[in-house]
Amino acid sequence: MTFKTSLTALGFLALGACASSPDRVANPEAAPEAAQGEETEISLGELADSAIPRGECGMILWTLEADRPTPVFRFVSGKKAEVSINGAQRDLSLVSARGGASYGVSEQQTFTDDAGMTISIKVNFGMGFDGGNYLERTLITVENTAGWRTVIPSAGVAGCRGG
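Definitions and limits used
- Residues numbered from 1 in each chain as written.
- Predicted model: local features only at pLDDT ≥ 70, side-chain atom pairs only at ≥ 80, totals over all residues.
- Heavy atoms only, no water.
- Helix = DSSP H or I, 4+ residues; strand = E, 2+ residues; numbered from the N terminus.
- Buried < 20%, exposed > 50% of the residue type's maximum accessible area, 1.4 Å probe, protein only.
- Contact = heavy atoms within 4.5 Å.
- Areas by Shrake-Rupley, 256 points an atom, 1.4 Å probe, with all protein chains shown as cover.
- Salt bridge = Lys/Arg side-chain N within 4 Å of Asp/Glu carboxyl O.
- Pairing = 2+ DSSP bridges.
- Core = buried A, V, L, I, M, F, W, Y, C linked by side-chain atoms within 4.5 Å.

Visitor: I keep staring at the overall build of the chain and nothing clicks. Help me out?
Guide: The secondary structure content of the chain amounts to one helix and nine strands. Considering the chain as a whole, with its 163 residues, one finds that 38% of them fall into the buried category. Here the analysis covers contacts within the chain between residues at least 6 apart in sequence; of these, 50% occur between residues at least 24 apart. Accessible area for the chain stands at about 8,800 Å²; split by element, carbon and sulfur atoms hold 50% of it.

Below, the structure written as C-alpha cells:
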C-alpha cells in the first residue's frame, strides 16, 4: 500500500468518525460560567509542522477539514505534545498513560499545559505498516480550566521515523 493510498484510506476512516459534531453541553443553563477572559469555544486548528522528527517515535492525529485530513495533534515520545487551540499553539506535557502501548504511544494518555488545559487521547491501534500502526476510532477530549469540554473524533498514525 502506497503512502497516498494509505492516507486516502485513513481519510475514509476518519470521515465516518468526523461526521458527528463535537460534544457540547446539552443544557446551556447547566453550563459552567466562563471566567473573565476564559474562552467557552474550543476548536483545534491545523498544526504548522506535523511530522515526527527523524529518529523519533510518536503519533500524529488528524480530523477532516474541507474534505481533507488536517493534522491537529502531534506527540513525540518522551517530549512535549503540540496542538493549536483557538489559533494559539500550546505545548503539552504527558501526565498519565494507560493501556497497551506501541511506538511510545499508549491507548489512553492525558496531557496538560501550563495554563491548566487538559487533553485526553483515547486510541485504538489498527492495521500495522512498516514502522508504525494506524490509529482508528480515536477521540481527543479537550477541557479548559472553566470546565468547557469538546470531544473530537479523529484518526492518525503512531510510529517511528528513521534517521
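We are not done yet, so read on.
Visitor: How do you make sense of the side chain of T70 when you look at a structure like this?
Guide: When you line up the elements, T70 lands in strand β3 (residues 68-76). Overall, the relative accessible area of 4% leaves T70 in the buried class.

Visitor: Would you mind going over the pattern of salt bridges with me for this structure?
Guide: Pairing between side chains of opposite charge can happen when the charged atoms of each approach one another. As enumerated under the stated definition, the model contains seven salt bridges in all. Between R68 and E46 there is a salt bridge, with the nearest N and O atoms lying 3.2 Å from each other. Residue R68 is located in strand β3, and its partner E46 is located in the loop between β1 (44-45) and β2 (57-65); the two are separated by 22 residues in the primary sequence. Given a relative accessible area of 39%, R68 falls into the partly exposed group. Given a relative accessible area of 42%, E46 falls into the partly exposed group. Between K79 and E56 there is a salt bridge whose closest N-O contact spans 2.8 Å.

Visitor: Help me understand the environment of P153, please; the structure alone is not making it clear to me.
Guide: Mapped onto the fold, P153 is located in strand β9 (residues 149-160). For the pair formed by P153 and I140, sequence separation is 13 residues and the distance between their alpha carbons is 6.3 Å.

Visitor: Can you help me understand the pairing of β3 in this one?
Guide: Successive residues of a regular strand alternate their side chains across the two faces of the sheet. Here β3 lies mainly inside the structure; seven of its nine residues are buried. Pairing between β3 and strand β4 (residues 81-85): three bridges, direction antiparallel. By the bridge assignment for β4, F73 is matched with V83. Hairpin geometry of β3 and β4 is characterised by an intervening segment of four residues between the two adjacent antiparallel strands and by a positive phi of about 80 degrees at G78.

Visitor: Explanation requested: the nonpolar core in the structure shown.
Guide: If you look at soluble globular proteins, the nonpolar side chains tend to sit buried side by side. By size, the foremost hydrophobic cluster in this structure holds 24 residues, and its most contacted members are M59, F73, I119, I121 and I140. Taken together, the elements giving at least two residues each to this core come down to β2, β3, β4, β6 (105-112), β7 (118-129), β8 (132-143) and β9. Contact partners of I121, with chain neighbours within four places excluded, come to M59, L61, F73, E107, Q108, Q109, F111, T138, L139 and I140.

Visitor: Just checking my understanding: could you explain the environment of G116 for this structure?
Guide: Tracing the sequence through the fold places G116 in the loop between β6 and β7. G116 sits in the partly exposed class, given a relative accessible area of 33%. Once the C-alpha coordinates of G116 and T145 are considered, the two residues, 29 residues apart in sequence, prove to be 5.8 Å apart. Residues in contact with G116, not counting those within four places in the same chain, are E143 and T145.

Visitor: I tried to follow unusual backbone geometry on my own but got confused; where do I start?
Guide: Across residues other than glycine, the phi torsion is negative in most instances, and most of the peptide bonds are trans. With phi around 50 degrees, N86 is a residue other than glycine that occupies positive phi space. Along the polypeptide, N86 turns up in the loop between β4 and β5 (88-102). Its identity is not glycine, yet Y103 carries a phi of approximately 60 degrees, on the positive side. A relative accessible area of 28% places Y103 in the partly exposed class.

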